[in-house]
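# What the coordinates show
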Amino acid sequence: MRTYRLQQLADVTEGHILKDIMPGDYLSYGGLAFEKPGARAHTNDGPGGIDYHVHEDCEAFLILQGKGEVEINKEHMYPVKTGDVVIIEPGEDHHLISSVEDPIVVVWCHAGSSRNKNQM
């Protein structure tokens with residue numbers, strides 16, 4: 001896992017905004033999530049309902065509002081807050097945990113070699 005602040009991102013006008021910190025020519029899929037207070041994302045999401053959530057590529061979280069923690073490999077907890085950009089590395093089991101007092105609003109995305117199917 002790597003973390004940045006929004007102001008650390010390069011001022012880009014071509015390609016995608018995360019191209020200097022995340023491999024892939026295009027943002028290929030993602031979404032906007034309004035997490036519930038105290039929620040832990042991707043619980044029991046793995047094969048057969050196990051508590052495991054990984055990808056073969058990087059995933060980015062842009063924390064737009066709120067605070068919480070990112071749990072990595074069930075061993076490490078990292079605090080996150082508004083303005084943080086978190087890059088989850090391939091193979092890292094990850095879960096975003098929203099605070100009760102100030103729930104997280106997050107944009108999440110993946111980048112790849114081709115555009116999203118809706119852009120083809």
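Let us look at the structure shown here. This structure is a prediction, so every number in the text was calculated from the model and none was measured.

Okay, the pattern of salt bridges next. Across all of its chains, the model carries six salt bridges by this definition. Glu89 is paired through a salt bridge with Arg2; the nearest N and O atoms lie 2.5 Å apart. With Glu89 in the loop between β6 (84–88) and β7 (94–98) and Arg2 in strand β1 (residues 2–5), this residue pair connects regions lying 87 residues apart in the sequence. Residue class for Arg2 comes out partly exposed when judged on its relative accessible area of 26%. Its salt-bridge partner being Asp93, residue Lys74 comes within 2.4 Å of it at the nearest N-O pair. Of this pair, Lys74 sits in the loop between β4 (67–72) and β5 (76–81) while Asp93 sits in the loop between β6 and β7, and the two are 19 residues apart along the sequence. Beyond isolated ion pairs, a larger network of salt bridges with shared partners links Arg5, Lys81 and Asp84.

Within β7, five of the five residues are buried, which leaves it mostly tucked inside the rest of the structure. Inspection of the sheet shows β4 paired to β7 by five bridges, in the antiparallel sense. Considered in β7, the bridge of Gly68 is made with Ser98.

A few words on the packing of aromatic side chains. With the rule as written, the count across this model stands at one aromatic pair. Here Tyr29 and Trp108 contribute two aromatic rings whose centre-to-centre distance is 6.2 Å and whose plane-to-plane angle is 80 degrees, an arrangement assigned as edge-to-face. In this pair, Tyr29 sits in strand β2 (residues 26–34) while Trp108 sits in strand β8 (residues 105–112), placing the two residues 79 residues apart along the sequence. What makes Trp108 partly exposed here is its relative accessible area of 25%.

To continue, consider the sheet that holds β5. Hydrogen bonds along the backbone pair up the strands of a sheet, which may run parallel or antiparallel. Ordered by their spatial adjacency, three strands build an open sheet running β5-β4-β7, and the pairing between neighbours is antiparallel. Unpaired on one side and paired on the other, β5 and β7 mark the two borders of the sheet. Along the sheet, successive strands turn relative to each other by an average axial angle of 25 degrees, direction set aside. In terms of strand pairing, β4 meets β5 through six bridges, oriented antiparallel. Note on β5: the bridge partner recorded for Glu71 is Met77.

Turning our attention to the sheet that holds β2. Within the open sheet, the five strands sit side by side as β1-β6-β3-β8-β2. Their pairing is antiparallel. This sheet does not close on itself; its edge strands, each paired only once, are β1 and β2. With direction set aside, neighbouring strand axes in the sheet form an average angle of 20 degrees. Where β2 lies against β8, eight bridges are found, and the strand directions are antiparallel.

Time to look at the environment of Met77. For Met77, the location among the structural elements is in strand β5. Considering only alpha carbons, one finds Met77 and Met1, 76 residues apart in sequence, at a separation of 11 Å.

Scoring rules and cut-offs
Residues numbered from 1 in each chain as written. Predicted model: local features only at pLDDT ≥ 70, side-chain atom pairs only at ≥ 80, totals over all residues. Heavy atoms only, no water. Salt bridge = Lys/Arg side-chain N within 4 Å of Asp/Glu carboxyl O. Helix = DSSP H or I, 4+ residues; strand = E, 2+ residues; numbered from the N terminus. Buried < 20%, exposed > 50% of the residue type's maximum accessible area, 1.4 Å probe, protein only. Pairing = 2+ DSSP bridges. Phe/Tyr/Trp six-rings, centres within 6.5 Å; stacked < 30°, edge-to-face > 60°. Axes fitted to C-alpha atoms, helices over the stretch in contact; angles between N-to-C directions.

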